[in-house]
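# Remarks on the overall topology
If you want the building blocks of each chain, they are given just below.
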Number of protein chains: 2
Amino acid sequence: MELVCLPRLPRVAVCGGTHGNELSGVYLVRELLRVQRETSEKEKEEEDKKSMSVLTVLANPKAMQRCSRYIDTDLNRCFTHAILNSPLSDKPPYEMVRSRDLNALLGPKGSCEAVDLVCDLHNTTANMGLCFISYSDCDWICLHIFRHLQRQMPEISMRYIHFDVSNRESYSLDSIGKHGFAIEIGPQPHGVVRSNIYTTMKSGVQHMLDWVHFFNSGTTFEGGLVEVFTMVKNIDYPRDCVTCSITAAIHPKLQDRDFCLLHPGDPMFQTFSGETLRYKGKEALYPFFINECAYYEKGIALSLARKKHVMIPTVRVQTEQEEQANKLGFASEEEE
Amino acid sequence: MELVCLPRLPRVAVCGGTHGNELSGVYLVRELLRVQRETSEKEKEEEDKKSMSVLTVLANPKAMQRCSRYIDTDLNRCFTHAILNSPLSDKPPYEMVRSRDLNALLGPKGSCEAVDLVCDLHNTTANMGLCFISYSDCDWICLHIFRHLQRQMPEISMRYIHFDVSNRESYSLDSIGKHGFAIEIGPQPHGVVRSNIYTTMKSGVQHMLDWVHFFNSGTTFEGGLVEVFTMVKNIDYPRDCVTCSITAAIHPKLQDRDFCLLHPGDPMFQTFSGETLRYKGKEALYPFFINECAYYEKGIALSLARKKHVMIPTVRVQTEQEEQANKLGFASEEEE
């Protein structure tokens, strides 16, 4: 098995409230902040020995206050290279300003000052269990953390979703770290916190932080196969051609069956008059984000993915010497 | 068994979108409107013979457009005698204006011009199945319709909830009809439509209209016992005394267990740090509206009810002679 030695991860950000009505992340980050406040100086010294610092961030406080997804525009689409670097208008949307603030705090995106890992916490109304969502299917850090959570929380159904988008085009908060992923957990209605979902998220974040600590401390993590779902396309609801209003809901035989293979001809929608509409695609694919509340306005009734297996190498942290050598290499690459 | 003869119900209103993000009612009323539009004149004549007219009303179109519960204030709290009759301010909240429009259309509340029956369609994030919510435990029309639905839809768990509030104090849209109730179905996230919930609501409304038609046509409905849950009190979330932010979620052992008897000492909340808080009441009661999204801002984590059985009499519609005699009686009562 190949061994890959990777740089240490001294700065980790845990973010919640990027969507102000996805409450597990909001209350979990608040809880982490409370614990940090109440931790004594002595305990903090102990923590520091843990080889990393954890930044806890409430990403969209105004939207949280209103318990809405956003104020002016979806913050989690504001982190592309283009949006972060275009001139601001006179009265910029709140989230355009906020994305720059967050990029200054946790980035700048693509720079070596960026935090090492961003974990952004989300909820969905879809029955997706716990999902990692990442722009890479070869970020060994993200994939190893995913596999660690799978092993530590065997009772939770867990998937790794890959959006095949370049770093410049990547649009979400987690894209501003050197490594990053969203943790998406459902089903939970937006504006509601359910204990079981909250507790799952809390365990997931704890195991993620544990993994980073183990990694920074020199633990070697064995490689192996990881199942990855690569996003292929979105499917919209059937709509009235005049009013654009939807004319059907997800079919009861598809509802809640995220990640169950959808075959050509399978029921997909049920119109409000009771007719069944079927999946017309030619390839069997895996549906996810089935009936996600926030995606009605985006024109997405569900997304479809192809499943593959990715062989991930054994990883361990670089020694100081390796890191030094790597930095030199990185510098000379930059100069090219 | 006692026989009660009641006036005909020639005008029935079916309302949806009173809360703009409770989508089953929104799409069901739109579907009923579409069917009405597409019904030919000849079919309409057939319908007219059905002994009643059905008004279909989208109650809060602006909130529906935004897919939010309301614009300025909760429309479904705007139908008290006091609010409907107080002078309007210069810039009145949208829902204050809208409630007067609806009262003019379907009421006036308490008058003999009011429609005979208002059925207002709602959704909840709580696992409540199908509930009738009414201000009366002795409105034989509402109770008979409820029992009809129970018999016609035995696969659906169904309850009758009674809010013991006077007609003047009653605040919801359904209170402006001569008879009225809300149909509340869950669990469904707000802003989402689920086929199973939509279909249940559609069947419920159809059976309700069938019953009114049978009743108006002279069918006698046998009396009997009906289980009624009378609202006793609301319980708020534990909150931080400085920020008022909630510090706990519904306990996983209580979540989704609406209408399962809650005993003193049973787990009620789980704090965000993991502690269990228990029900401190002295009386075992039936919880409902457990973790309803819209009630976070109202300070309601759940409501508690006492169960009883109500003996409802056999009913049939009054003959024309009986109706005439009754009208005279009603008139002389009014003159008193």
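About the cut-offs
Residues numbered from 1 in each chain as written. Chains lettered and ligands numbered in written order. Predicted model: local features only at pLDDT ≥ 70, side-chain atom pairs only at ≥ 80, totals over all residues. Heavy atoms only, no water. UniProt positions renumbered as here; feature names shortened; annotations may be inferred. Salt bridge = Lys/Arg side-chain N within 4 Å of Asp/Glu carboxyl O. Helix = DSSP H or I, 4+ residues; strand = E, 2+ residues; numbered from the N terminus. Expected span 1.5 Å × (residues − 1). Buried < 20%, exposed > 50% of the residue type's maximum accessible area, 1.4 Å probe, protein only. Arc of directions from axis to C-beta. Pairing = 2+ DSSP bridges. Axes fitted to C-alpha atoms, helices over the stretch in contact; angles between N-to-C directions. Contact = heavy atoms within 4.5 Å. Buried area = accessible area lost by both parts, 1.4 Å probe. Polar contact = N/O pair within 3.5 Å; in protein donor to acceptor, adjacent residues only side chain to side chain. Nonpolar A, V, L, I, M, F, W, Y, C, P; charged D, E, K, R; others polar. Parallel < 35°, antiparallel > 145°, perpendicular 65-115°, else oblique. Left-handed = near helix turned anticlockwise from the far one by under 90°. Domains from an automatic or database assignment.

If you look chain A up in an unreviewed UniProt entry, it shows as N-acyl-aromatic-L-amino acid amidohydrolase from Xyrichtys novacula. Recorded under Sequence similarities (unreviewed entry), the UniProt text for chain A is reproduced unchanged: "Belongs to the AspA/AstE family. Aspartoacylase subfamily."

## With respect to the pattern of salt bridges
Residue and element names in this part refer to chain A. In the structure shown here, the tally under the stated rule is 24 salt bridges over all chains. Between R34 and E38 there is a salt bridge whose closest N-O contact spans 2.8 Å. On the criterion of helical spacing, the pair formed by R34 and E38 is a turn pair, its members being four residues apart in helix α1 (residues 23–38). D137 is the partner of K308 in a salt bridge, and the nearest nitrogen-oxygen pair spans 2.4 Å. Residue K308 is found in strand β13 (residues 302–312), and its partner D137 is found in the loop between β5 (129–134) and α6 (140–152); the two are separated by 171 residues along the sequence. Residues joined by salt bridges that share partners form a network here, namely E22, R69, D74 and K298.

## Examining helix α5 (residues 94–106) of chain A
Residues and elements named next belong to chain A. Here α5 contains 13 residues, and its C-alpha end-to-end distance of 18 Å stays within 8% of the 18 Å for a straight helix at 1.5 Å per residue. Every buried residue of α5 is listed here: Y94, E95, R98, S99, L102, N103 and L106. For α5, the angular spread of buried residues about the axis comes to 160°, placing them on one side.

## Looking at the sheet that holds strand β9 (residues 248–250) of chain B
All names here are of chain B. Reading across the sheet, the three strands line up as β9-β10-β11 and stay open at both edges, with antiparallel pairing between neighbours. Across the chains shown, the open sheet's two edge strands, defined by having one partner strand only, are β9 and β11 (276–278). Averaged over neighbouring strand pairs, the angle between their axes works out to 35° when direction is ignored. Bridging between strand β10 (residues 267–271) and β11 involves three bridges; their strand directions are antiparallel. Each bridged residue has a counterpart across the sheet, and for P267 the counterpart in β11 is R278.

## Quick word on the interface of chain B and chain A
Taken together, the contacts link 31 residues of chain B with 31 residues of chain A. Together, the buried faces of chain B and chain A total about 2,300 Å²; carbon and sulfur atoms form 53% of this surface. The tally of links between chain B and chain A comes to two salt bridges. A salt bridge links B:R194 to A:D256, with the shortest nitrogen-to-oxygen separation between them at 2.6 Å. Counting across the interface, chain B meets chain A through 14 residue pairs in polar contact (both at pLDDT 80 or more). Every element with two or more residues in the side of chain B that touches chain A is listed here: α1 (23–38), α7 (195–216) and β9 of chain B. Looking at which element gives the most residues to the side of chain B that touches chain A, the answer is α1(B), with five residues. Split into classes, the residues belonging to the side of chain B that touches chain A amount to 13 nonpolar, twelve polar and six charged.

## Overview of the UniProt feature "binding site: Zn(2+)" (unreviewed entry) in chain A
Residue and element names in this part refer to chain A. Under the UniProt annotation, "binding site: Zn(2+)" (unreviewed entry) lies at H19, E22 and H122. Annotated residues spanning 104 residues; largest pairwise C-alpha distance 7.4 Å, indicating a single compact cluster. The class of H19 is buried, set by a relative accessible area of 3%. Discounting chain neighbours no more than four positions away, the residues touching H19 are S68, R69, D74, N76 and H122. Looking at the element boundaries, H122 is found in strand β4 (residues 117–123). On the basis of relative accessible area, H122 is assigned to the buried category, the value being 3%.

## Observations concerning the UniProt feature "active site" (unreviewed entry) in chain A
All names here are of chain A. What UniProt calls "active site" (unreviewed entry) maps, in this numbering, to E184. In this fold, E184 is placed in strand β7 (residues 179–186). Among the polar contacts made by the side chain of E184, one reaches the main-chain amide nitrogen of N123 at a distance of 3.5 Å.

## Re the packing of α6(A) against helix α7 (residues 195–216) of chain A
Residues and elements named next belong to chain A. Across the interface, α6 lies against α7 with an axial gap of 9 Å and an inter-helix angle of 125°. When the interaxial angle is binned, α6 and α7 end up oblique. Crossing of α6 against α7: the hand is right-handed. The segment α6 lies against α7, with I141, H144, I145, H148, L149 and Q152 engaging G204, H207, M208, W211, V212, F214 and F215. Looking at the contact of α6 with α7, its residues break down into eight nonpolar, five polar and no charged.

## Considerations on unusual backbone geometry
A cis amide bond, omega 5°, links A:G186 with the succeeding residue A:P187. Note on placement: A:P187 falls in the loop between β7 and α7. Residue B:P108 is reached from B:G107 by a cis peptide bond, and omega for that bond is -5°. By the element assignment, B:P108 lies in the loop between α5 (94–106) and β4 (117–123). Phi at A:F259 takes a positive value of approximately 70°, unusual for a residue other than glycine. One can find A:F259 in the loop between β9 (248–250) and β10 (267–271).

## Description of the environment of A:T200
Residues and elements named next belong to chain A. Within the secondary structure layout, T200 lies in helix α7. Remark: the alpha-carbon pair of T200 and G129, spanning 71 residues in sequence, is separated by 9.4 Å. Excluding residues within four positions of it along the chain, T200 makes contact with L130, M153, I156 and I185.

## Details of the domain arrangement of chain A
Residues and elements named next belong to chain A. In terms of domain boundaries, chain A breaks down into domain 1 (3–228 + 309–317) and domain 2 (232–306). A separation of 28 Å is found between the C-alpha centroids of domain 1 and domain 2. At the junction of the two partners, domain 1 supplies 18 residues and domain 2 supplies 14 residues. Approximately 1,200 Å² of surface area, both sides summed, lies buried where domain 1 meets domain 2, with 54% of it carried by carbon and sulfur atoms. One can count one salt bridge joining domain 1 with domain 2. Between D74 and K298 there is a salt bridge, with the nearest N and O atoms lying 2.8 Å from each other. The interface formed by domain 1 and domain 2 holds nine residue pairs in polar contact (both at pLDDT 80 or more) in total. At the level of elements, β5 and β6 (158–162) are the ones that each hand at least two residues to the side of domain 1 that touches domain 2.

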